[in-house]
Amino acid sequence: MCAEVHLVVKRRYDLSARGDQIKSSAKMSYSAVDEYEESKFLRKAKENPFVPVGMTGFFAIVAYRLFKLKQRGNMKMSVHLIHMRVAAQGFVVGAMTLGVVYSMYKDFILKPAEAQKALEQKAVEKK
């Protein structure tokens, strides 16, 4: 904790010591910030494809259940909202589980298989 605080204080001191140089280089237009954030989101989506799937499913389920709110019949509002929450959370947990399984498959099955193929290729090249 103390080291983190010291690092933050040191960083602020370094920034203030440079003064105008930092201010001029740190100015970014809003479009540049938007492009940076968009590219960051796309990069993260490529690394973990199930995160946007989970978010999309969550919002789709919530929107559908809110749309169906008028046709709930005798069901109490609280029960309907609890069912909506459980369905949305279930979808997100399912997407997270699939993401973890996909990540494990990629790390523990595909990478070792590629490494084994590379070793076999090197052995063939040496002969």
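Rules of the game
Residues numbered from 1 in each chain as written. Predicted model: local features only at pLDDT ≥ 70, side-chain atom pairs only at ≥ 80, totals over all residues. Heavy atoms only, no water. Helix = DSSP H or I, 4+ residues; strand = E, 2+ residues; numbered from the N terminus. Expected span 1.5 Å × (residues − 1). Buried < 20%, exposed > 50% of the residue type's maximum accessible area, 1.4 Å probe, protein only. Arc of directions from axis to C-beta. Contact = heavy atoms within 4.5 Å. Patch = residues over 30% accessible without salt bridge, like charges linked within 9 Å, V, L, I, M, F, W, Y side chains within 5 Å. Areas by Shrake-Rupley, 256 points an atom, 1.4 Å probe, with all protein chains shown as cover. Salt bridge = Lys/Arg side-chain N within 4 Å of Asp/Glu carboxyl O. Bend = angle between axes of the 7 residues up to and from the residue.

Draft legend 1. Local environment of helix α4 (residues 50–67). Between its first and last C-alpha, α4 extends 25 Å over 18 residues, near the 26 Å set by a 1.5 Å rise per residue. Of the residues making up α4, those classed as buried are Gly 54, Gly 57 and Val 62. Viewed end-on, α4 has its buried residues packed into an arc of 125 degrees, placing them on one side of the element. In α4, the exposed positions angled more than 90 degrees off the buried face are occupied by Thr 56, Phe 59 and Phe 67. Where α4 is buried, its residues contact α5 (77–126).

Draft legend 2. Broad picture of a nonpolar patch on the surface. Together, Val 100, Tyr 102, Met 104, Tyr 105, Phe 108, Ile 109 and Leu 110 give the surface a local cluster of nonpolar side chains, amounting to about 690 Å² of exposed area. Mapped onto the elements of the fold, Phe 108 is located in helix α5. The class for Phe 108 is exposed, based on a relative accessible area of 60%.

Draft legend 3. Layout of α5. For α5, built from 50 residues, the straight-helix expectation of 74 Å at 1.5 Å per residue is met to within 8% by its first-to-last C-alpha distance of 72 Å. The largest bend in α5 amounts to roughly 30 degrees and is located at Lys 106. If you check which residues of α5 are buried, you get His 80, Met 84, Ala 88 and Ala 95.

Draft legend 4. Focus on the pattern of salt bridges. Within this structure, the stated rule accounts for two salt bridges. The partner of Arg 43 in a salt bridge is Glu 47, and the shortest N-O contact between them spans 3.6 Å. With Arg 43 and Glu 47 both in helix α3 (residues 30–47), this residue pair falls four residues apart, about one helical turn. Across the pair Asp 107 and Lys 111 runs a salt bridge whose closest N-O atoms are separated by 3.7 Å. Note that Asp 107 and Lys 111 are positioned in helix α5 at a spacing of four residues, about one turn of the helix. Residue Asp 107 is classed as partly exposed on the basis of its relative accessible area, which comes to 32%.

By themselves, these figures tell us nothing about what the structure is for.
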